[in-house]
Structures are given as structure tokens and as C-alpha cells.
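# Understanding the architecture of this molecule
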Protein chains: 4
Amino acid sequence: MHGGATSSELGVYVYSAAQVKKAMEVTHYLGGENYVFWGGREGYQSLLNTDMERELDHMARFFEAAVAYKKKIGFNGTLLIEPKPQEPTKHQYDWDAATSANFLRKYGLIDEFKLNIECNHATLSGHSCHHELETARINGLLGNIDANTGDPQVGWDTDQFMMDIGEATLAMLTVIKNGGLAPGGFNFDAKLRRESTDVEDLFIAHIAGMDTLARGLRNAVKLLEDGSLGELVRKRYQSFDTELGAQIEAGKADFDFLEKKAKELGEIKVPSAKQELAEMIFQSAL
Amino acid sequence: MHGGATSSELGVYVYSAAQVKKAMEVTHYLGGENYVFWGGREGYQSLLNTDMERELDHMARFFEAAVAYKKKIGFNGTLLIEPKPQEPTKHQYDWDAATSANFLRKYGLIDEFKLNIECNHATLSGHSCHHELETARINGLLGNIDANTGDPQVGWDTDQFMMDIGEATLAMLTVIKNGGLAPGGFNFDAKLRRESTDVEDLFIAHIAGMDTLARGLRNAVKLLEDGSLGELVRKRYQSFDTELGAQIEAGKADFDFLEKKAKELGEIKVPSAKQELAEMIFQSAL
Amino acid sequence: MHGGATSSELGVYVYSAAQVKKAMEVTHYLGGENYVFWGGREGYQSLLNTDMERELDHMARFFEAAVAYKKKIGFNGTLLIEPKPQEPTKHQYDWDAATSANFLRKYGLIDEFKLNIECNHATLSGHSCHHELETARINGLLGNIDANTGDPQVGWDTDQFMMDIGEATLAMLTVIKNGGLAPGGFNFDAKLRRESTDVEDLFIAHIAGMDTLARGLRNAVKLLEDGSLGELVRKRYQSFDTELGAQIEAGKADFDFLEKKAKELGEIKVPSAKQELAEMIFQSAL
Amino acid sequence: MHGGATSSELGVYVYSAAQVKKAMEVTHYLGGENYVFWGGREGYQSLLNTDMERELDHMARFFEAAVAYKKKIGFNGTLLIEPKPQEPTKHQYDWDAATSANFLRKYGLIDEFKLNIECNHATLSGHSCHHELETARINGLLGNIDANTGDPQVGWDTDQFMMDIGEATLAMLTVIKNGGLAPGGFNFDAKLRRESTDVEDLFIAHIAGMDTLARGLRNAVKLLEDGSLGELVRKRYQSFDTELGAQIEAGKADFDFLEKKAKELGEIKVPSAKQELAEMIFQSAL
């Protein structure tokens, strides 16, 4: 290999591999339990000059090598991908949880990675933080949470401290459903506003951020112990908790059978989804 | 089964199955070559009252039954899912091409479906139409195109006739790369503006819409025959067209090997991605 | 005048004038105290076929005639414009509070109208509801509030019942600063979700909506009585509560004078804006 | 005055005045014809810690002093405000052209300033560049253009070279309607993509950017000389080119008179706005 313009996209790959190898060794040596791949520039600015398929293939080869090396050195920590839709690129390859899951499934890596969900990245991708956490959870991928927040009307990453008790409560509902996050957890990927220039602001922000998460956890427990919200959801789907429902959910109801059942059914009525009641219950718990 | 409030979410499922069964039979009888599932209300308004995991499981059971029935009656047409991110729901389950692909992979349906990409839905999900087409293509899922357009600054589906020659050219570049769309094709999911009240407007819109696609195809061919844009992309990645590149792409380059190679490499330089040149070449072809 | 295609844009104007005349008379007869102009289609879909300047001139003539007629019949109620950025048009002429204020000032109507701020319209225009209320207030235009809410990540008007205690508290802070809203007030421009199909949902939504506003008012009072937030803001600007500050605010400090003062000043330090503390105080009051 | 934390917001004002004074003198000395106030941080991050009214008053005092100083030193150049909606702030006070015009009118500065419209800022505020240019023009405020472009699906300022012939054509249509821009003009507030690393990319970008504007101007002239688009717009409003229309436009048609006219009118029909035809004519000129 001779360095120079013709060899350089490849060179980036090669250097990156060497760097990740070293960082992974250090993580292992220090007893690290997680290793996050933050793909903040792994996307495109324009499709006109990009071979997206080839770039994704390269990314998959890279992650395969990382998995192999992790096993080789006996590192048992979780490998994590951190979804982010854009900024600085027009399109980042780990756009959101579902996009990342598709990538992992396509390349056979779904059992080797989890996701590190960042709330501010969630809002940038047009989703609520709760949506991204739930999507990660039901794909078996919820591994860690970057506890920050952004303004949903702002199109770049502001990494503010999460202060909204409601948002924290929703996040904690998913964490509890997930049976916790270990070996992952929460970390503050947050910084002071540029205009917060006092030394004490750093303390205020961290204390308020931790209090927000603590209040969120208490609220989530209160909601679960109270049970009204869970009962509301259970009732919505209880028609599936029947013999016919069980057959459908077991994949034993084909179209011929269902057509026969449809003819047997009288007039049906869709049960109320009771969104306003759900919102009232939720707000009352804050 | 007795109809009534308690049985009704299930009832919707049962009735839908009977309806799709009938529609599929009619499609088969008429010699149809495609069958599109337009999931325009299959999502949630609020996560507070929704069991997203159970709903997705139900959707998968439904699609499995559709696939089985298709085979049973000998219908060989393509089954298509049409991604749409939201409206009227807060979150539709077929948000975009990548999200739909993840769903299909998770439930083992990836070989049974293709996607019907609608350009206006693409922009609603924060992507360009070209991005969605490319994502579908490289996931082996590009089946059909709803040729319309929307304003990227507008947050609902306007279903306008595609009039932008540039957008049409990009779409055609992907269609050619895909080796065409058969048995799918283009269809106009477009309507006149409410203010276009003359009878002739209907003709003007369809003629202009078809001309736009035709000009897009001619431009795409021109770009491919000229070759400058393709050559620009080829050069960007040519460092992977080497022995070492081939090893990496074949998955034969582990981290130990790559670290050794990194030490051999001299200073590297990232080749210019030449976006401005690519944009200039593209605009010159319109 | 003979009806027909050539006379019709004018015809719309003429008919609208007759309709508004009648509606205004009825309002006056019934003792109405406000009259809202909801300009939901008064904008453009495309600038290519639109003479925006002429359309705005027409709108101004129309409002002038409405003001004159109001005075003629002795109707003393408030005339209100309701800002909305788009949907169904690409651009509505009353985009937001500032845009509406510019229109009213340009045509000399600023003293004849107030604004009816709708929270969901605020979010559609890229602003918080609080921003629009404050903008209306400091332009002397806050007349009425359509108390609803929308999802800031959704690009069309959903007209949900306002359930967020925080949003209600912010709205009430502005209402108090404004010395109330009379003769305007709050009205629910809100509707149930389509999936809320029980009769009781209508009651739940209205009760919860009213409770939300009531809790918002109590929180706002609590914040004002506590005074910490007000004190934080006062301190931020207290350097202007000096002799020099007073001169500047009175418009008596020209550049020559200020340059001289700059030379006298030692090193300056920007005081912390204390955003995290402000957020903590605010959340603690909810 | 003693420097220190308590005096510092004021201190920023004072220092800024001294700086602008000096910069204005230098501009005058060098024969400058324009002076742009780029208010990139003049807004708020949060309304909780901000007195928006007082800040706007301060901004007005500052601009008044700038106008007075300009006159004092005999500088005849145009003072320009550059609208930008946000980034780095949540809300910049010069959000868009209409918001800036409202500010200038409120404080009696409307005859002293013009606007410097930046296309990328336009898209960030939810408007097309053409909309902002037209809004500035019909408010008598179009003074200069920062000729760049952004991706309408990206929420931060990318300052790309304008390469879209269509966008350039629309901009030029407004410039021609405005009778040119002198003493302002176009300037490239644009930079290379980070990935464009060759020296030649700088030349390619500037050449392509200038060619784009030149092609836009030629297309605009072609459209105006052809006249079809202008005729389409003229016809849309021609019902106002009548005696009754003239009365309305002169403000001589009150509601009583219009009600009488409405009764005389037969059935009316809204003329087609012919958007699809307008789009077809426009695309054919590119």
C-alpha cells in the first residue's frame, strides 16, 4: 500500500479498525461493560456522489470484525449502536431504532448489538423519545439511554439536560417493562446552555437532571401500582384474550376460517381507545 | 362469537381478513399483477393507550395469512406494502422503507413482499423520494412507485402531480439500476389542486405528469450514457477495488490484520467527495 | 354584473362581504363581544399563479370595510384575526402573530384588531404556544385563546384537548401579564380523537381540558407569588436599571456617547442566563 | 460604571455600539454601499428566563442610534437586517421577512432599513426562498440576497452553493419585478462541503454557483418575454380589472354597497387557478 489520494477511503477503514481495536482492548482492560459505536458521520450528504449500498456493506464488514475481535479477546460487554438521523450529514445510516434494527437483521448482526437511545436524537428523527425506547425494546435491542432532551421544534442536536418530568416518566415506563437496562444505564449526554455562565449552573443542571429522572421513576412506579393505565390498555385488546384471539395470535387462523367467522359475527363496534382518559391518568400522576 | 364492545378489536381483524380475501380473489380473477396493502391507519395516536408490540404481532399474523392464501389460490402477483410515516396517525407502522424492511425481516416475511414507494410519503418521513427508492432497491424491495410529489415544507399528504424534472430524473436513475420495476410500474396517486376547476386542468395535469416522467427517463439515460457521474462515484471508492479492498469486502480482514495494515500505510488523505461537481453534472443534464 | 368565469374572483369578494355583514349584524343582535376572522383558506398554494401583493391589498380593503361597518352599526365587540401558517394552503397570509401584526400595521389596522391565538396553530408555525401568546401580548394584540394543543412533531392541525399542565401554566403566565383577556377568553377548539368512541369520552375530555387550564392558572399564580422566576429574570437585566440603562432605554444614548462609555468600562462579563435553574423552578411548580 | 457581573448585559450593549460605530465608519471610509446587521444570536433559548419585550425595545434603541449615526457621518449606504429564524437560538428576533417588517414598523424604522434575504434562512423558517423574496419586495424591503441554498429537510444552516436552476429562476423573477437590487446585489454566503477536499472544488463550486444564477436570470427573462405565466396570473384576477373591482381596490365599496351587488350577481364560479399549467410552463422554461 502506498498512501495517497487513490488509497484513502480504504485507508479510513483500515485506520478506524486499528483505532477501534485499541479502544476495545482498553475498554476490556478497564472492566468496561459497554462499547458504543457513535456513527455521527456515517451517512451521506448527497446521493449523487454516494454508493449507499457499498457503504452499508463496508459498515457491516466492520461490525462483523468488531464482533469477532470482541470474542477473541474475551470482552463480554455489550456492543451498542447509537441511532441518529442527521447532522452533520443529510442522512445518517443509523437514522432511528427501526432503521438500525433493519441493518442489524440484514447483515446477521441482530444478536450481537444493542442500541443506545438518545432522546434528542429521537426527536430529530421525528419520533418521541418514548417511541424510540419502545421500538428498541420490542426489537430486543434496548441497551442504554443517553438521558438528554431537545426541543422538538429545533432541527439540530442541542443536548439539553432532561427537565421534563413527563418525558422522564415515559422513559421510565419503558425501562421497567424492559426489566431494567443492565449492564447499560443512563448517562448524561448533556451540556449547559452557552448562556449559563456561572459555576453553580453546572451543579444545578446535574442535580435537576438527576431529580428529573428520579421523579420520573417514582411516577412510573406510581402509574404501574395504580394500574388504571395498564387496565385501560388491557381492556382495549381483551377481545384477543379469547379462544379465537388465541388462535389468531398463534398463527392458526387462515383466511378461509376468518371469513367464516366474519359471517358469524354480528354488527361489530370498535371499542374506544380512550386517549383523553389515558392522558388524564398520565398527567395526574406527574 | 357474539358481537359487541368486548369483541371488537378482534372483530376488525376478522372482518379485514374476509375483505382482503375477497379483494385478493377478485384481483386474481382479473389478472392483477400486484396487490398493495395501504396501511393508512395502521399505527398509533398515542403510546399511552397502545400495545405497539401486540399490534405489530397481529399485523404480522395477518400478512402471513395473506401470503398463505395467495399461494393457496395460485395468485402469483406481488404483495406490496406502502410506507407512510404519519397522517392521520401520529405514527404509522410502515413509517418508511427501512422501518418496513425491519418489520418484514423480523417476522420472516422479507421474501414475500415488496414496497410501493410514494414520493410524497417519502418527503413526509424526512427523506427524499430518491432516498426511499434507493433504500427499497438495496434491500431488494423496490416493487412499484406512486408517482406524485409533495412540498417538503408541508406536513401532510398533498398528492400533487410530479412536475419537477430533477426529482423525476433521480427516480429514474434508481429504476434503471433496479433493472426496471416489472411487474410493478408507476401509477399516478395524484389529484388536481382544489383550485384547478377547469375540465382541461385534468388533462394538463396528466399530460404534464407523464411528460415529467418521460423527461426524467431521458435525462437518466443521458447521465448514464455520458458516464461522468458514474465515473465520479467509481473513483470515490476505487481504493476498495484493490486486493486489500477485496479482502475487506469478502469479510476476510480481521482487526489484527487491519492493525498491521494501518501501520504499513503512510499518511492518508480522504479523496474529495466532489459534491459540487456531482450537482453541476446533474443539473447540466436536466 | 353578470355572473360567470370572468367575474368570479371578484364575486367571491362580494359574496363574502355580504355574508360577513350579515354575520356581524347577528353577532351584534345577540350581544356578541368578539368577532373572529378565521382565514383558513386565505393564502396561496403556489406563488407561480398568485399575485400575493394584490391579494393582500384585497384582504386589507375587506377588513377596512368590516371595521367601518362595525362602527356604523354600533358593534363594540373585538375584531379578531386567527393566525394559522398553512393547511390547507401552502402559505396562509396570517402565518403567525408577528406576520399578522405586520399586515395590520402596514394597512393601518393595528388599533382595530386583536389576535385569537390557537396553540395548535402556534406549533404548526414552528413556535411554542407561549411564544405566540407573548408575541401577541407585547404587540398589544392578545385578545382570545383557542385552548387546544397539537403534537409538535405532526404537521397538520389535530385540535386535541390541551392536557399538558406545563403548556397550560405557560399560557396562564402570559394571560396574567396581559391583565386577563376580557372581553375575550378561552374556548375549546378541540375535538375527540376519532378512536374515542364512548359517549363518556366527550365528558372526560372536556373535564380534563378544563382541569388542565385550572391547574395551569394555579401553577402560574404559585410561580408569581413565589417570585423566584421573576427575580431571576429581573436580575438578568438589572444592569439596565441604572442611570446609564435608563438613558439607553429613553433613546438618549447615541453612538458617540456609548463609545465613550465603552472605553470607561473595564472587562465585562455576561451574567448567566440561568436557563437550567429557570427550568427547575418551573418544573417544581407543576 | 464599574465592570462586573451586575453591569454586564448593559455592557454588551455598550460595547456593541462602539464596535458597530467603528465598523460603520470604516465602511463609509471604504465607500461601502450596504451595511448588514447579522443578528445571529439576537433571540432567546427559553422564554422562562427572557424578557422578550425589553430585549426588543433594546434592539430598537440600538438600531435608532445606528440610523442617527449613519446620518451624522453622511453614510448613505443601505442598512440591512438579515432574517434568520433560529440556530443557535431557539427563536431569533428576525425570524423571517414578515417578522422583521413588523419590528421595523412597530418602532418606526421601516423607512431606514432593508432586508438581506438568505435562501437557506428562508427554508429554515418554513418558507421557500421565493416567498421570502416576494414578502420583502411587497413590503418595500428587498435590499440584497445571500445566494446560497439549504436542504428543506435539514434543520440547520448548511450554506450550500445554489445549484438548483429552478430556485435561481424564481429568485430572478422577483429581482426583475423589484427593478433590480442596487445598491445591493447577490453575494455567495456559501461554502464547500467538508468532504470536498480538492483545491479545484473551490473553483467548481463558484463557477457552478454563478452559472446557476446566470441560467436563472436567462430563464426568468424567457418566462417574462414569453408572457404565458404572466397572462395566466393576469386572467386569474381580471375580474378586479372592472369598474366594480376598481371601486373595491380604491376602498370605495362598503358592506352595504357590496351586499346590494351580491344580490345582483347570479351564480358565480371561481376561475381555475391553473396551478398545474403554471408548473408546466415554469418547468418548460428551465
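Naming follows an unreviewed UniProt entry, where chain A appears as Xylose isomerase of Penstemon davidsonii. Comment text from UniProt for chain A, heading Sequence similarities (unreviewed entry), reads "Belongs to the xylose isomerase family." Per its UniProt entry, chain A bears the Catalytic activity (unreviewed entry) comment "alpha-D-xylose = alpha-D-xylulofuranose".

### Points about the overall build of chain A
Helix and strand content of chain A: eleven helices and nine strands. By its C-alpha atoms, chain A is 75 × 60 × 40 Å across when sized along the principal axes. Across the 286 residues in chain A, those meeting the buried criterion constitute 61%. When contacts within chain A are restricted to residue pairs at least 6 apart in sequence, long-range pairs at least 24 apart make up 76% of them.

### With respect to unusual backbone geometry
Glycine aside, negative phi is the norm for most residues, and most peptide bonds take the trans geometry. The residue after Ala182(B), namely Pro183(B), is reached through a cis peptide bond having omega 5 degrees. Position of Pro183(B) relative to the elements: it lies in the loop between α6 (165–177) and β9 (186–187).

### Comments concerning the relation of the copies chain A and chain B
When chain A is fitted to chain B, the best match, at an RMSD of 0.0 Å, comes from turning it 180 degrees and sliding it 0.0 Å along the axis. With respect to symmetry, the two chain copies, as superposed, fit the operation of a two-fold axis. The rotation axis passes nearest to the C-alpha of Asn102(A) in chain A, at a distance of 2.1 Å. With an isologous cut-off of 70% or more, the 100% of interface residues of chain A that recur at the interface of chain B puts this contact in the isologous class.

### Some points on the pairing of strand β3 (residues 78–81) of chain A
All names here are of chain A. Side chains Thr78 and Leu80 project from β3 onto one buried face, and the interleaved Leu79 and Ile81 project onto a second face that is buried too. Relative to β3, strand β1 (residues 34–37) is paired through four bridges, and the arrangement is parallel. In the sheet register, Val36 faces β3, and the bridge partner there is Leu80. Looking at chain direction, β3 and strand β5 (residues 113–118) are connected through three bridges and run parallel. Opposite Leu80, over in β5, you have Lys114 as the bridge partner.

### Thoughts on the interface of chain A and chain B
Contacts between the two partners involve 95 residues from chain A and, on the opposite side, 95 residues from chain B. Together chain A and chain B conceal approximately 8,900 Å² of surface at their shared face, both sides included; 63% is due to carbon and sulfur atoms. Taken as a group, Leu48(A), Asn49(A) and Phe255(A) account for 10% of the area that chain A buries against chain B, more than any other trio of residues on that side. A salt bridge links Glu249(B) to Arg54(A); the shortest N-O distance between them is 2.8 Å. Breaking the side of chain A that touches chain B down by element, the ones donating at least two residues are α1 (8–29), α2 (52–72), α3 (97–106), α5 (129–138), α8 (228–236), α9 (243–249), α10 (255–264) and α11 (275–284) of chain A. For the side of chain A that touches chain B, the class distribution of residues is 43 nonpolar, 28 polar and 24 charged.

### Let's talk about the interface of chain D and chain C
Of the residues lining the interface, 96 residues belong to chain D; the matching set on chain C comes to 96 residues. Surface buried jointly by chain D and chain C totals about 8,900 Å² across both partners, of which 63% is contributed by carbon and sulfur atoms. Counting the surface chain D buries against chain C, the share from its top three residues, Leu48(D), Asn49(D) and Phe255(D), is 10%. Applying the counting rule to chain D against chain C returns 14 salt bridges. For Asp256(D), the salt bridge is made with Lys72(C), and the minimal N-O distance between the two is 2.1 Å.

### A word on the packing of aromatic side chains
Counted by the stated rule, this structure contains 48 aromatic pairs over all chains. Seen from their ring centres, Phe103(A) and Tyr107(A) are 5.0 Å apart, and the 50 degrees between their planes marks the pair as tilted. Here Phe103(A) matches Tyr107(A) in class, with each residue buried. Ring centres 5.4 Å apart and planes at 90 degrees place the aromatic pair Tyr13(C) and Phe62(C) in the edge-to-face group. One end of the pair, Tyr13(C), is in helix α1 (residues 8–29); the other, Phe62(C), is in helix α2 (residues 52–72), with 49 residues separating them in the sequence. Among the aromatic residues, those joined into a cluster by ring pairs are Tyr35(A), Phe37(A), Phe63(A), Phe103(A), Tyr107(A) and Phe113(A).

### Considering the relation of the copies chain D and chain C
Overlaying chain D with chain C gives an RMSD of 0.0 Å, the required rotation being 180 degrees about an axis along which the chain moves by 0.0 Å. Mapped onto chain C, 100% of the interface residues of chain D again fall at the interface, so both copies present the same surface.

### Comments concerning the sheet that holds strand β1 (residues 34–37) of chain C
Sheet strands line up and pair through hydrogen bonds in the backbone, either parallel or antiparallel. Taken together, the five strands give an open sheet; going across it, the order is β1-β3-β5-β6-β9 (chain C), and neighbouring strands pair in parallel fashion. Here the strands that pair on one side only, and so sit at the sheet edges, are β1 and β9 (186–187) of chain C.

### Regarding α11(A)
Counting buried positions over the ten residues of α11(A) gives eight, a clear majority of the element. Restricting attention to buried positions, one finds in α11(A) the residues Gln275(A), Glu276(A), Leu277(A), Ala278(A), Glu279(A), Ile281(A), Phe282(A) and Gln283(A). The inward-facing, buried residues of α11(A) abut α6 (165–177), α7 (199–226) and α8 of chain A together with β8 (160–161), α6 (165–177) and α7 (199–226) of chain C.

### Considerations on the environment of Thr242(D)
Here Thr242(D) shows up in the loop between α8 (228–236) and α9 (243–249). A polar atom in the side chain of Thr242(D) sits 3.0 Å from the backbone nitrogen of Gly245(D).

### Description of the sheet that holds β1(A)
Residue and element names in this part refer to chain A. Within the open sheet, the five strands sit side by side as β1-β3-β5-β6-β9. Their pairing is parallel. On the outer flanks of this sheet lie β1 and β9 (186–187), each paired with one strand and no other. In this structure, strand β6 (residues 142–146) lies alongside β9, joined through two bridges in parallel fashion. Considered in β9, the bridge of Asp146 is made with Asn187.

### Topic: the packing of helix α5 (residues 129–138) of chain B against α6(B)
Residue and element names in this part refer to chain B. Contact geometry of α5 with α6 gives a least axis separation of 9 Å together with a crossing angle of 5 degrees. Considered as vectors, α5 and α6 are oriented roughly parallel to each other. Contacts from Cys129, His130, Leu133, Glu134 and Arg137 in α5 reach Glu167, Leu170, Ala171, Thr174 and Lys177 in α6.

### So, the pattern of salt bridges
Pairs can form between side chains of opposite charge whenever their charged atoms are close. Residue and element names in this part refer to chain A. Counted under the stated rule, the structure contains 88 salt bridges over all chains. Two residues, Arg137 and Glu134, come together in a salt bridge whose shortest N-O distance is 3.1 Å. Taken together, the positions of Arg137 and Glu134, both in helix α5 and three residues apart, correspond to about one turn of that helix. Note on accessibility: Arg137 and Glu134 belong to one class, buried.

### Things to note about the confidence of the model for chain A
Mean pLDDT for chain A: 95, with 98% of residues reaching 70 or above. This model gives residues 1–6 of chain A a pLDDT under 50, and the stretch forms twelve contacts once residues within four places in sequence are excluded.

### Considering α8(D)
A turn of α-helix holds 3.6 residues, and therefore any two residues three or four places apart point the same way. Regarding α8(D), the residues found buried are Leu229(D), Leu232(D), Val233(D) and Arg236(D). Looking straight down α8(D), one finds that the buried residues subtend no more than 95 degrees of arc, so they occupy a single side. In this structure, the buried side of α8(D) is in contact with α1 and α2 of chain C together with α7 (199–226) and α11 (275–284) of chain D.

Conventions used here
- Residues numbered from 1 in each chain as written.
- Chains lettered and ligands numbered in written order.
- Predicted model: local features only at pLDDT ≥ 70, side-chain atom pairs only at ≥ 80, totals over all residues.
- Heavy atoms only, no water.
- UniProt positions renumbered as here; feature names shortened; annotations may be inferred.
- Helix = DSSP H or I, 4+ residues; strand = E, 2+ residues; numbered from the N terminus.
- Buried < 20%, exposed > 50% of the residue type's maximum accessible area, 1.4 Å probe, protein only.
- Contact = heavy atoms within 4.5 Å.
- Least-squares fit on C-alpha atoms with pLDDT ≥ 70 in both.
- Pairing = 2+ DSSP bridges.
- Buried area = accessible area lost by both parts, 1.4 Å probe.
- Salt bridge = Lys/Arg side-chain N within 4 Å of Asp/Glu carboxyl O.
- Nonpolar A, V, L, I, M, F, W, Y, C, P; charged D, E, K, R; others polar.
- Phe/Tyr/Trp six-rings, centres within 6.5 Å; stacked < 30°, edge-to-face > 60°.
- Polar contact = N/O pair within 3.5 Å; in protein donor to acceptor, adjacent residues only side chain to side chain.
- Axes fitted to C-alpha atoms, helices over the stretch in contact; angles between N-to-C directions.
- Parallel < 35°, antiparallel > 145°, perpendicular 65-115°, else oblique.
- pLDDT = per-residue confidence, 0-100.
- Arc of directions from axis to C-beta.

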